[in-house]
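Architecture and fold: a report
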Amino acid sequence: MTHRLAPLLCALALLPGLPALANPPEPTLTAALQDKASVGQARLKVWGFDVYDATLYARPGFDAARYGDQRFALELAYLRNFDGADIAERSIDEMRRVAPLDDTRAAAWLKAMTDLFPNVKKGDRITGVHVPGSGARFYLNGRLLGEVADDAFSRQFFGIWLSPRTSQPRMRETLLQSVAGATPRTP
């Protein structure tokens, strides 16, 4: 899947008005998380059903109040099967809670996520990496899916979990409770 996305991403980066990527995406999640440590974990439950386990990876000194200015990763390990289009639609709903989102931008972001997010099975992991000034890169089970080269998208997307305006404040608190004491990641 990645080999089909690479030419498209390169072509999009050359179009006027789109932000150019400072660095090409790392081809594997291990490379993307090279200097990051697990700083928090939480489980999302909805109506008594386990949905996913979230793990936040960041450098020591991660400042949750300035999450949009720092490089970090958030991994969702799914505990149920989900359709990729449903994940994208739910993400837009949650992004609207974080900050205002006009219909034109919401439609563009929904399309980007729908094109990018696969259907997931129980046990699959999607990891998003926030790259300040560039956007968000996504990995499925450690392999690059692609990216959304839009910093505003990335900030608002990761705000689903890290913004004080999240719909899941307990999950946010659990993810961030130990940001001062990170432990090294073991791939």
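Details of the structure are given in the entry above.
How each quantity is defined
Residues numbered from 1 in each chain as written. Predicted model: local features only at pLDDT ≥ 70, side-chain atom pairs only at ≥ 80, totals over all residues. Heavy atoms only, no water. Core = buried A, V, L, I, M, F, W, Y, C linked by side-chain atoms within 4.5 Å. Buried < 20%, exposed > 50% of the residue type's maximum accessible area, 1.4 Å probe, protein only. Helix = DSSP H or I, 4+ residues; strand = E, 2+ residues; numbered from the N terminus. Contact = heavy atoms within 4.5 Å. Salt bridge = Lys/Arg side-chain N within 4 Å of Asp/Glu carboxyl O. Polar contact = N/O pair within 3.5 Å; in protein donor to acceptor, adjacent residues only side chain to side chain. Pairing = 2+ DSSP bridges.

The biggest cluster of nonpolar side chains holds 42 residues, and the ones touching the most others in it are Phe 62, Phe 138, Phe 157 and Trp 161. When residues of this core are assigned to their parent elements, the largest contribution, six residues, is made by helix α5 (residues 151–162). Once residues lying within four places of it in the same chain are set aside, the contact partners of Phe 62 are Leu 56, Tyr 67, Gln 70, Phe 72, Leu 162, Leu 176 and Val 179.

Right, let's talk about the pattern of salt bridges for a bit. Charged atoms that come close allow side chains of opposite charge to pair. Taken as a whole, this structure holds 13 salt bridges when the rule is applied. Residues Arg 66 and Asp 63 are paired through a salt bridge, measuring 3.8 Å at the closest nitrogen-oxygen approach. Classification of Arg 66 as partly exposed rests on a relative accessible area of 44%. A relative accessible area of 30% means that Asp 63 is categorised as partly exposed. A salt bridge links Arg 96 to Asp 103; the shortest N-O distance between them is 3.6 Å. Arg 96 sits in the partly exposed class, given a relative accessible area of 36%. Here the residues in one salt-bridge network are Asp 63, Arg 66, Asp 69, Asp 151 and Arg 155, joined through shared partners.

So, about the side chain of Ser 163. Inspection of the secondary structure assignment puts Ser 163 in the loop between α5 and α6 (169–176). Its relative accessible area of 6% is what places Ser 163 among the buried residues. A polar contact is formed between the side chain of Ser 163 and the backbone nitrogen of Arg 165, at a distance of 3.0 Å. In contact with Ser 163, not counting residues within four places along its chain, are Tyr 67, Val 98, Phe 158 and Arg 172.

A few words on the pairing of strand β4 (residues 125–131). Among the seven residues of β4, six are classified as buried, and the element is accordingly described as predominantly covered. Relative to β4, strand β3 (residues 72–78) runs antiparallel, the two sharing six bridges. In the strand pairing of β4, Leu 76 is matched with Ile 126. Strand direction decides the pairing type here: β4 and strand β5 (residues 135–140), joined by six bridges, are antiparallel. Across the sheet, residue Thr 127 finds its bridge partner in β5, namely Tyr 139. As consecutive antiparallel partners, β4 and β5 are separated by three residues, and within that stretch Gly 133 has a phi angle of approximately 85°, a positive value.

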